[in-house]
Amino acid sequence: MKAATDEQLDRTAADLRALGETLGLSGLRHAGQGNIVADVAPGSTYFDVAGFEAAAAQLLRAEVFVTPSGAPGAAHMAGRPLEATSAA
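All values derive from a computational prediction rather than experimental measurement.

A. Representation of the environment of Glu 83. Looking at the element boundaries, Glu 83 is found in the segment after helix H4 (74-77). Each C-alpha atom of the pair Glu 83 and Arg 17 lies 9.9 Å from the other, and the pair is 66 residues apart in sequence. There is a polar contact of 3.4 Å between the side chain of Glu 83 and the side chain of Arg 80.

Structure below.
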């Protein structure tokens, strides 16, 4: 499976934000090649992050990887926020 593109992530941004909220992830930002930097709520675990990655991959039919914003190097990876775009 190929990594999600920025366009795919933006097209589904609203769905990804809603999914993230249910698992304690917020502030989703592009990090290139299917990578997302996300703020992870206190109390959320690796299983929440992995659950997001799996559900996002199923939605997009492409791989999605999450780097918690507190991880070393995450600040350098984080780009612009995911922004909803039309599918047209």
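Still more ground to cover, so stick around.
B. Local environment of helix H3 (residues 46-60). Between the first and last C-alpha of H3 there are 21 Å, a value that for 15 residues agrees with the 21 Å anticipated at 1.5 Å per step. Within H3, the full set of buried residues consists of Val 49, Phe 52, Glu 53, Ala 56, Ala 57 and Leu 60. When H3 is viewed along its axis, its buried side chains cluster within an angular range of 125° and face the same direction. Exposed and facing more than 90 degrees away from the buried side of H3 are Phe 47 and Gln 58. The backbone nitrogen of Phe 47 lies 3.1 Å from a side-chain oxygen of the residue at the head of H3, namely Thr 45. Positioned one or two residues after H3, Arg 61 has a phi angle of 55°, which is positive.

C. Here's a closer look at helix H2 (residues 13-23). If you check which residues of H2 are buried, you get Ala 13, Leu 16, Gly 20 and Leu 23. Buried residues of H2 fall within an arc of 90° about the axis and therefore sit on the same side. With respect to the buried face of H2, the exposed residues turned more than 90 degrees away are Glu 21 and Thr 22. Those residues of H2 hidden inside the fold are in contact with helix H1 (6-11), strand E1 (25-32) and H3.

D. Up close: the packing of H2 against H3. It is at 10 Å that the axes of H2 and H3 come closest, and there the two elements cross at 155°. By the criterion of interaxial angle, the relationship of H2 to H3 is roughly antiparallel. For the crossing formed where H2 meets H3, the hand is right-handed. Facing Asp 15, Leu 16, Leu 19, Gly 20 and Leu 23 of H2, the residues of H3 in contact are Asp 48, Gly 51, Phe 52, Ala 55, Ala 56 and Leu 59.

Calculation rules
- Each chain has its residues counted from 1, running along the sequence as written.
- Where totals are concerned, whole chains, interfaces and linings use all residues; where local detail is concerned, this predicted model gives features only for residues with pLDDT of at least 70, and gives and counts side-chain atom pairs only at 80 or more.
- By convention in this description, side-chain values take in all heavy atoms of the structure and omit both hydrogens and water.
- Comment: elements are numbered from the N terminus, with helices defined as DSSP H or I runs of at least four residues and strands as E runs of at least two.
- A 3.5 Å cut-off defines polar contacts: any pair of N or O atoms within that distance qualifies, except that in protein one atom must be a possible hydrogen donor and the other a possible acceptor, and neighbouring residues in sequence count only when both atoms are side-chain atoms.
- In a helix, the anticipated span is given by 1.5 Å times the number of residues less one.
- The classification of residues rests on relative accessible area computed with a 1.4 Å probe and restricted to protein chains. Under 20% of the type maximum is buried, over 50% is exposed, and intermediate values are partly exposed.
- Arc definition: directions from the helix axis to the C-beta atoms.
- Whether two residues touch is decided by their heavy atoms; if any such pair falls within 4.5 Å, the residues are in contact.
- For helices, the fitted axis covers only the stretch in contact; all axes are lines through C-alpha atoms, and the angles between them, taken along N-to-C directions, range from 0 to 180 degrees.
- Put simply, angles under 35 degrees are roughly parallel, angles over 145 are roughly antiparallel, angles from 65 to 115 are roughly perpendicular, and the rest are oblique.
- The hand of a helix crossing depends on one turn: near helix anticlockwise from the far one by less than a right angle means left-handed, and clockwise means right-handed.

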